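Listed here are the chains, written in short residue letters.
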Amino acid sequence: MIRQLSDLTDDEVIATYQVDDRSKPHLRSNFVSTVDGAVEIDGQSKSLSTKADQEVFGKLRMLSDVVLVGAGTVRAEGYKPLRLGAERRKWRQAHGLPENPTLAVVSARLDLDPVDPVLAEAPIRPIVLTHAAAAPDRREALSEVADVLDCGESEVDLAAVIATLAERGLPQILCEGGPHLLGALTAADLVDEMCFSLVPLLAGPGSGRITAGPDSTAARKLVLRSALLADDGTLLMRYLRAA
Ligand SMILES: NC(=O)c1ccc[n+]([C@@H]2O[C@H](COP(=O)([O-])OP(=O)(O)OC[C@H]3O[C@@H](n4cnc5c(N)ncnc54)[C@H](OP(=O)(O)O)[C@@H]3O)[C@@H](O)[C@H]2O)c1
């Protein structure tokens with residue numbers, strides 16, 4: 001049943017997105033899309049986000065141990081240091097969590113700038129997930145500001161990414177994209193949950209979908225767990241991997 005977002009208290013919205021067992025590794029992906037399937041307008045997702053989408057986006061960060069993101073999204077969206085607002089930090093402290101989640105960036109080429117505030121000014125030392133054959137000079141430069149971890153020999157093994165994060169005490173993984181990372185996670189069947197905001201917009205031709213990468217025949221079945229409708233027509237859906 002679709003519930004009206006404005007009928008719910010903050011705690012009820014949070015409960016809608018809580019997992020049963022926080023100790024079990026769980027990869028939740030979160031995306032926003034227009035009705036005609038666009039992942040961005042003018043290169044950025046904020047052009048299509050709505051207040052309700054932003055609200056859930058913030059709550060999902062609050063509930064996570066680690067925010068996992070592809071280097072392309074960090075570059076395109078101009079990610080800022082991952083620091084939550086005071087209320088959400090307080091909520092996390094009250095629930096025995098560090099004030100902020102950790103940021104983890106997936107990159108094969110290590111084309112990330114170590115002086116970028118997203119890394120250099122992060123409240124918790126970020127993690128960069130790469131592979132053993134990544135450029136040594138870039139690895140050295142990034143190691144000044146982040147833990148650079150190898151997951152795979154010549155390419156990033158995403159199952160190893162999840163295992164590595166869980167071993168570091170970060171089992172609740174929120175993947176904020178982008179499309180190439182989601183495509184690879186889907187191909188490897190590693191998506192446990194998909195949160196999806198459908199905003200009442202038509203972007204027209206030109207934009208990509210929320211998933212990208214090499215063709216794959218693998219269709220993954222999901223079940224709808226919840227659906228919230230905001231006053232502006234944004235539909236906020238939570239899907240889980242089908243048993
Ligand atoms: N609507 C939404 O909710 C939403 C969410 C996120 C992003 N976006 C939009 O999506 C666009 C960016 O798309 P994108 O596909 O380029 O994003 P992306 O998946 O974040 O970035 C691709 C890059 O991330 C790294 N990467 C991703 N998957 C990898 C894998 N399996 N193995 C190794 N490296 C991997 C690589 O970085 P290196 O090149 O450094 O090796 C790759 O070039 C932007 O326009 C952004 O605004 C929209």
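Each chain carries its own residue numbering, running from 1 in the direction its sequence is written. Selection of residues for local features in this predicted model requires a pLDDT of at least 70, selection of side-chain atom pairs for listing and counting requires 80 or more, and totals for whole chains, interfaces and linings are taken over all residues. The side-chain quantities take in all heavy atoms of the structure and omit both hydrogens and water.

The next thing to look at is the site of the ligand. Lining the immediate environment of the ligand, one finds 28 residues, of which Thr73, Glu77, Ser107, Arg109 and His180 sit closest. Within the side chain of Glu77, a nitrogen or oxygen atom sits 2.3 Å from an oxygen atom of the ligand. Note on areas: these come from Shrake-Rupley sampling with a 1.4 Å probe, and a residue is covered only by the protein chains present in the view. Computed on the free molecule, the ligand has an accessible area of 910 Å², of which 84% lies beneath the protein chains in the complex. No other element matches helix α3 (residues 71-77), which puts six residues into the shell around the ligand. Whether a residue is near a molecule or strand depends on its heavy atoms: it is near if one of them lies within 4 Å of it. Pairing of N or O atoms within 3.5 Å defines a polar contact, subject to two protein rules: one partner must be a possible hydrogen donor and the other a possible acceptor, and residues neighboring in sequence count only if both atoms are side-chain atoms. Comment: elements are numbered from the N terminus, with helices defined as DSSP H or I runs of at least four residues and strands as E runs of at least two.

Time to look at the nonpolar core. Across soluble globular proteins, nonpolar side chains show a tendency to be buried alongside one another. In terms of nonpolar packing, the biggest core is built from 36 residues, with Tyr17, Leu103 and Leu112 touching the most fellow members. Those elements that provide at least two residues to this core are α1 (10-17), α2 (51-63), β3 (66-70), α3, β4 (102-106) and α5 (117-120). Two residues qualify as a contact provided that any one of their heavy atoms is within 4.5 Å of a heavy atom in the partner residue. Setting aside anything within four residues of it in sequence, one finds Tyr17 in contact with Arg28, Val56, Leu60, Leu63, Cys195, Leu228, Leu236 and Arg238. Remark: nonpolar core denotes a set of buried residues (Ala, Val, Leu, Ile, Met, Phe, Trp, Tyr, Cys) joined through side-chain atoms within 4.5 Å. With a 1.4 Å probe rolled over the protein chains alone, any residue whose accessible area is under 20% of its type maximum counts as buried; one over 50% counts as exposed, and the rest are partly exposed. Formed by 30 residues, the second largest nonpolar core is a distinct cluster that contains Ala104, Leu170, Cys175 and Leu185.

Within the secondary structure, Ser29 is located in strand β2 (residues 26-34). For Ser29, a relative accessible area of 0% puts it in the buried group. Each residue touching Ser29, except ones within four places of it in the same chain, is listed here: Cys175, Leu182, Val191, Glu193, Met194 and Cys195.

This paragraph deals with the pattern of salt bridges. In the sections that follow, a salt bridge refers to a side-chain nitrogen of Lys or Arg positioned within 4 Å of a carboxyl oxygen of Asp or Glu. According to the stated counting rule, one finds 16 salt bridges in the structure shown. The salt bridge involving Arg22 is made with Asp65; its shortest N-O contact spans 3.0 Å. Placement of the pair is Arg22 in the loop between α1 and β2 and Asp65 in the loop between α2 and β3, with a sequence separation of 43 residues. For Arg22, a relative accessible area of 28% translates into the label partly exposed. Arg28 serves as the salt-bridge partner of Glu193, at 2.7 Å between the closest nitrogen and oxygen. In this pair, Glu193 sits in strand β8 (residues 193-199) while Arg28 sits in strand β2, placing the two residues 165 residues apart along the sequence.

Moving on: the sheet that holds β3. One requirement defines pairing of two strands: DSSP has to find at least two bridges between them. The 10 strands are arranged β1-β9-β10-β8-β2-β7-β3-β4-β5-β6 in an open sheet whose pairing can be described as mixed. Of all strands in the sheet, those with a lone pairing partner are β1 (2-4) and β6 (147-150), marking the two edges. The sheet shows a mean angle of 25° between the axes of neighbouring strands, taken without regard to direction. Pairing of β8 with strand β10 (residues 235-241), which is carried by six bridges, proceeds in the antiparallel orientation. When the sheet's bridge partners are listed, Leu198 is paired in β10 with Leu235. Note on method: axes are straight lines fitted to C-alpha atoms, helices fitted across the in-contact stretch only, with angles between N-to-C directions ranging 0 to 180 degrees. Strands β1, β2, β8, β9 (222-229) and β10 of the sheet are contacted by α1, whose axis makes an angle of about 165° with β9.

Our next topic: α2. Residues spaced three or four apart along an α-helix point in a common direction, a consequence of the helix completing one turn every 3.6 residues. Between its terminal C-alpha atoms α2 stretches 19 Å, which fits the 18 Å expected from 13 residues at 1.5 Å a residue. Regarding α2, the residues found buried are Ala52, Asp53, Val56, Gly58, Lys59, Leu60, Arg61, Met62 and Leu63. Helix span is expected to be 1.5 Å times the residue number reduced by one.

Right, let's get into the pairing of β3. Extensive coverage of β3 is indicated by the burial of five of its five residues. Alternating residues of β3 divide into Val66, Leu68 and Gly70 and Val67 and Val69, and every residue in both groups is buried. In this sheet, strand β7 (residues 172-175) lies alongside β3 in parallel orientation, the contact comprising three bridges. Bridged to Val66 within β7 is Ile173.

Here the focus is the side chain of Gln44. Here Gln44 lies in the loop between β2 and α2. Discounting chain neighbours no more than four positions away, the residues touching Gln44 are Ala76 and Glu77.

A few words now on helix α8 (residues 179-187). For α8, the full list of buried residues reads Leu181, Leu182, Gly183 and Leu185. Lining the buried residues of α8 we find β2, β3, β4, α7 (158-167), β7 and β8. Looking one or two places after α8, you find Asp189, whose phi comes out positive at around 55°.

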